[in-house]
Amino acid sequence: GENVEQHPSTLSVQEGDSAVIKCTYSDSASNYFPWYKQELGKRPQLIIDIRSNVGEKKDQRIAVTLNKTAKHFSLHITETQPEDSAVYFCAGRTGSARQLTFGSGTQLTVLP
Amino acid sequence: DAMVIQNPRYQVTQFGKPVTLSCSQTLNHNVMYWYQQKSSQAPKLLFHYYDKDFNNEADTPDNFQSRRPNTSFCFLDIRSPGLGDAAMYLCATSRDLAGINEQFFGPGTRLTVL
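Just so we're clear, the structure is a prediction, and the values are computed from it rather than from any experiment. (Residues numbered from 1 in each chain as written. Chains lettered and ligands numbered in written order. Predicted model: local features only at pLDDT ≥ 70, side-chain atom pairs only at ≥ 80, totals over all residues. Heavy atoms only, no water.)

Some points on unusual backbone geometry
Link 1 in the chain: In this structure, the amide linkage connecting His7(A) to the following residue, Pro8(A), adopts the cis form with an omega of -5°.
Link 2 in the chain: The topology assignment puts Pro8(A) in the loop between strand E1 (4–7) and strand E2 (10–14).
Link 3 in the chain: Cis geometry marks the peptide bond from Asn7(B) to Pro8(B); its omega dihedral reads -15°.
Link 4 in the chain: By the element assignment, Pro8(B) lies in the loop between strand E1 (4–7) and strand E2 (10–13).
Link 5 in the chain: Located in the positive-phi region is Gln60(A), a residue other than glycine, with phi close to 60°.
Link 6 in the chain: Mapped onto the elements, Gln60(A) comes out in the loop between strand E6 (56–59) and strand E7 (62–67).
Link 7 in the chain: One non-glycine residue with positive phi stands out, namely Ser40(B), at about 65°.
Link 8 in the chain: By secondary structure assignment, the location of Ser40(B) is in the loop between strand E4 (31–37) and strand E5 (44–50).
Link 9 in the chain: You can call Ser40(B) exposed: its relative accessible area is 76%. (Helix = DSSP H or I, 4+ residues; strand = E, 2+ residues; numbered from the N terminus. Buried < 20%, exposed > 50% of the residue type's maximum accessible area, 1.4 Å probe, protein only.)

Given below as structure tokens:
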């Protein structure tokens, strides 16, 4: 089955700096890669996703890049703000499967 | 305008005492999922329903069961909770259509086992 690895497990940045979180996946048939943000005690919420037919997607300060050859994808947050502090999970979905395989999460702390 | 609702938000049970967690959705999604999330870990899929078809993950303990009486509701039954079952339980839904994959999560039920 699919295996998704996520790095780093913790990340601290100064407010205004950029943050990058990276994930690798094992199954070359994976075709959908969402990113979820989970604030302490709250539900995971989708912040951006990308499909395998696209190399990059942006939504304001958030972008995701996908390298199918290397089987990795990354989340980029620019001009970070304290409210960006949360745990971020990447995930992958293989083919027609309905299940997502989650990465282990990254605790992002934005220091004021 | 809540879309995925979980009740209760906090549940305390005793070791070995059966407990049921509930999830309801107003999205009319055909897929519903149950995840277990322990502190500082990723959500772990227990099982999911595609309409009425039940799909169990291979490593989900037999202690966990689920029911989906209709499109809107799904229940998680823990037959004999152990201390290791204390966790946040998240329900999620998705519409299983080509190109539409987003999973919508409920707020979760935090289970404490005494």
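Right, picking up where we left off after that structure.
What to know about the packing of aromatic side chains
Link 1 in the chain: Taken as a whole and assessed by the stated rule, the structure comprises 15 aromatic pairs over all chains.
Link 2 in the chain: Judged by centre distance (5.4 Å) and plane angle (85°), the ring pair of Tyr36(A) and Phe105(B) falls under edge-to-face. Residue Tyr36(A) is found in strand E4 (residues 30–38), and its partner Phe105(B) is found in strand E10 (residues 104–105); the two belong to separate chains. The exposure classification of Tyr36(A) matches that of Phe105(B), with both residues buried.
Link 3 in the chain: Put simply, the rings of Tyr36(A), Phe89(A), Phe102(A), Tyr33(B), Tyr35(B) and Phe105(B) touch in pairs and so form one group of aromatic residues. (Phe/Tyr/Trp six-rings, centres within 6.5 Å; stacked < 30°, edge-to-face > 60°.)

Some thoughts on the state of the cysteines
Link 1 in the chain: Under the criterion given, the structure shown has two disulfides over all chains.
Link 2 in the chain: The side chain of Cys23(A) participates in a disulfide bridge whose partner is Cys90(A); the two sulfur atoms lie 2.0 Å from each other. On the sign convention where negative means left-handed, the S-S torsion of about -100° between Cys23(A) and Cys90(A) marks this disulfide as left-handed. Here the residue Cys23(A) occupies a position in strand E3 (residues 19–25), and Cys90(A) occupies one in strand E9 (residues 86–94), the gap between them amounting to 67 residues.
Link 3 in the chain: Across the disulfide, Cys23(B) is cross-linked to Cys91(B) (sulfur-sulfur distance 2.0 Å). As the torsion about the S-S bond is roughly -75°, the Cys23(B)-Cys91(B) disulfide counts as left-handed. (Disulfide = S-S within 2.5 Å.)

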